[in-house]
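# A structural walkthrough
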Amino acid sequence: MAFPRPNHPENFLDPLYDSIHLSSQNTGTHVHLEWRRYARLFRQPLRTKHGVWDQREGLVVRLEDAQGRVGFGEIAPLPWFGSETLDAAIALCASLSAMGEALNSQQLALIPNTLPACQFGLAIAWSALHYPPSQTPLDAAIPPSAVLLPTGETALEHWQPTWESGNHTFKWKIGVESASKELCTFQKLQARLPKFSTIRLDANGGLSVADACRWLEVCATDERVEFLEQPLAPDAFTAMQALSDRFPTPLALDESVANLAQLAACYQQGWRGVFVVKPAIAGSPYRLRALCHQHHLDVVVSSVFETAIARNFLQTSLLPALPQPLRAPGLGTAHWFPDDGFETTDFASLWQRLTPSSKTA
Ligand SMILES: O=C(O)CCC(=O)c1ccccc1C(=O)O
Ligand SMILES: [Mg+2]
């Protein structure tokens, strides 16, 4: 069983479900929470409009119930993208773990929407308690992930191994240097990428309307461009609607839809383009799944550089539960890290290597 069924007690994190079913015998079962910090250096820093990022920090969480069952989860906040901070996540974990025997599914279901990465991380740990993580998705065909290329000219030398490994969708960051310089580099990239590749351009909200138009004019002449992601800042929603009406290349929202409330709001305001969703910072994965089905959203499930714990959940549980057919997920980021042991699917051994939180908090 890859994903809790609608109607199943394990769907407890759905607030609607909770209000109806929290009286079930499940509520009384207490769990014990522990968490440990991790930090991973990138092989090379990632440059985006938001700045230079050189280290991914997060938490691995571990739930154990009275029967000795164990489930691992991961809290990987991205504060510069609008999620809570790592300190806020640690404070929540400290307060939940201090509850001792009083901690049960009800408290986990009450994590506020201001802590979306915590909602996600503890939901997947709860799920893993009941359904041991599998290594393979059960029912759906998951296309190979898009692979994130280095920013700038370095991309020109880095796409080939990806192509040879069978991933033909590339993602490239723009909006970092001047549009003229980046358009020039893009021309070289266009000349080198094979005919049957797919290109995603991600501006991280960093373009002016004028530069976005220059990019979209170029994109219109290259059918390999799948979409232009977040050309303008999130507050320029109306201008992005206007751009998407004016040019043939689809636009995708990312920063604009960092959490579930923003995702629902953009849909309500009429966005029918692509939604790049980062489940690890969006909130409850059950509510995310429900929203995607309810509105038939055109989503790309995207990485926030999580470890194998969160990524395994995305690949084996969430992706198969989303509306099919799927766009290529944006989970091709593991190659950004050296061989540091965080890509293992032996979560217990990963946990063992981390320092207990009493020594770091
Ligand atoms: O979506 C992908 O394909 C890769 C992930 C990615 O680009 C990303 C990773 C971490 C933080 C922000 C972003 C982003 O899409 O802006
Ligand atoms: Mg993006």
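Residues numbered from 1 in each chain as written. Chains lettered and ligands numbered in written order. Predicted model: local features only at pLDDT ≥ 70, side-chain atom pairs only at ≥ 80, totals over all residues. Heavy atoms only, no water.

### Looking at the coordination of the magnesium ion (ligand 2)
Every protein donor of the magnesium ion (ligand 2) is listed here as Asp202 (OD), Glu229 (OE) and Asp254 (OD), and their distances to the metal cover 2.0 to 2.2 Å. Sequence spacing of the donor residues for the magnesium ion (ligand 2), all on one chain, is D-x26-E-x24-D. Here Glu229 lies in strand S7 (residues 225-229) and Asp202 lies in strand S6 (residues 198-202), a separation of 27 residues in the sequence. Of the two residues, Asp202 and Glu229, both sit in the buried class. (Donors = N, O, S within 2.8 Å, 3.2 Å for Na, K, Ca; no water. Helix = DSSP H or I, 4+ residues; strand = E, 2+ residues; numbered from the N terminus. Buried < 20%, exposed > 50% of the residue type's maximum accessible area, 1.4 Å probe, protein only.)

### Topic: the sheet that holds strand S3 (residues 70-75)
Note: strands within a sheet are paired through backbone hydrogen bonds, in either parallel or antiparallel orientation. Pairing in this open sheet of 3 strands is antiparallel, and the strands run S1-S2-S3 from one edge to the other. Edge positions in the sheet fall to strand S1 (31-48) and S3, since each has one partner strand and no second. Neighbour to neighbour, the strand axes of the sheet diverge by 20 degrees on average, direction disregarded. Against the sheet, helix H4 (residues 116-130) touches S1, strand S2 (51-65) and S3, its axis set at about 160 degrees to S3. (Pairing = 2+ DSSP bridges. Axes fitted to C-alpha atoms, helices over the stretch in contact; angles between N-to-C directions. Contact = heavy atoms within 4.5 Å.)

### Some points on the site of ligand 1
In the neighbourhood of ligand 1, 17 residues make up the surrounding shell, with Lys171, Lys173, Asn204, Lys278 and Ser302 lying closest. Taking Lys173, its side chain carries an N or O atom lying 2.9 Å from an oxygen atom of ligand 1. Measuring from an oxygen atom of ligand 1, one finds a side-chain N or O atom of Ser302 at 2.6 Å. Look at ligand 1: alone it shows 380 Å² of surface, and the protein chains cover 99% of it. Looking at the shell around ligand 1, you find at least three residues from each of domain 1 (9-136 + 343-359) and domain 2 (147-336). (Near = heavy atom within 4 Å. Polar contact = N/O pair within 3.5 Å; in protein donor to acceptor, adjacent residues only side chain to side chain. Areas by Shrake-Rupley, 256 points an atom, 1.4 Å probe, with all protein chains shown as cover. Domains from an automatic or database assignment.)

### A few points about the packing of helix H9 (residues 260-268) against helix H11 (residues 285-295)
Packing of H9 against H11 brings their axes to within 11 Å, and their N-to-C directions diverge by 10 degrees. One way to sum up the angle between H9 and H11 is to call them roughly parallel. On H11, the residues touching Leu260, Leu263, Ala264, Tyr267 and Gln268 of H9 are Arg287, Leu288, Leu291 and His295. Of the residues assigned to the contact of H9 with H11, the class counts are 6 nonpolar, 2 polar and 1 charged. (Parallel < 35°, antiparallel > 145°, perpendicular 65-115°, else oblique. Nonpolar A, V, L, I, M, F, W, Y, C, P; charged D, E, K, R; others polar.)

### Side note on the nonpolar core
Residues Leu63, Leu122, Trp172, Leu201, Trp215, Leu263 and Phe275 are the most contacted members of the largest nonpolar core, which totals 102 residues. Looking at this core element by element, the count peaks at 8 residues for H4. For this core, the two domains that each supply at least three residues are domain 1 (9-136 + 343-359) and domain 2 (147-336). Every residue in contact with Leu63, bar those within four places of it in the chain, is listed here: Val31, His32, Leu33, Arg69, Val70, Gly71, Leu108, Leu122, Ala125, Trp126 and Leu129. Phe227, Val274, Val276 and Val300 belong to the second largest nonpolar core, which has 5 residues in total. (Core = buried A, V, L, I, M, F, W, Y, C linked by side-chain atoms within 4.5 Å.)

### What to know about the state of the cysteines
In the structure shown here, the tally under the stated rule is 0 disulfides. In this structure Cys219 is a free cysteine whose sulfur lies 11 Å from that of Cys213, the closest cysteine sulfur available. For Cys219, a relative accessible area of 2% puts it in the buried group. Cys292 provides the cysteine sulfur closest to Cys266, a residue in no disulfide bond, and the two sulfurs are 13 Å apart. (Disulfide = S-S within 2.5 Å.)

### A few points about the pattern of salt bridges
Tallied over the full model, the rule gives 19 salt bridges. With a shortest N-O distance of 2.9 Å, Glu226 and Arg327 are connected by a salt bridge. Within this pair, whereas Glu226 is found in strand S7, its partner Arg327 is found in the loop between helix H12 (308-321) and helix H13 (347-353), the two being separated by 101 residues in sequence. Taking relative accessible area as the criterion, Arg327 reaches 23% and is therefore assigned partly exposed. Across the pair Lys278 and Asp254 runs a salt bridge, and its minimum N-O distance is 3.4 Å. (Salt bridge = Lys/Arg side-chain N within 4 Å of Asp/Glu carboxyl O.)

### Topic: the domain arrangement of the protein
When cut into domains, the protein gives domain 1 (9-136 + 343-359) and domain 2 (147-336). Between domain 1 and domain 2, the C-alpha centre-to-centre distance is 26 Å. Facing the 43 residues of domain 1 at the interface are 41 residues of domain 2. In total, about 3600 Å² of surface goes out of reach between domain 1 and domain 2, with carbon and sulfur atoms giving 63% of it. Area buried by domain 1 at its contact with domain 2 is led by Arg47, Phe81 and Phe120, which between them contribute 20% of it. Here domain 1 and domain 2 share 1 salt bridge between them. Measuring nitrogen to oxygen at the nearest pair gives 2.7 Å for the salt bridge that ties Glu343 to Arg311. (Buried area = accessible area lost by both parts, 1.4 Å probe.)

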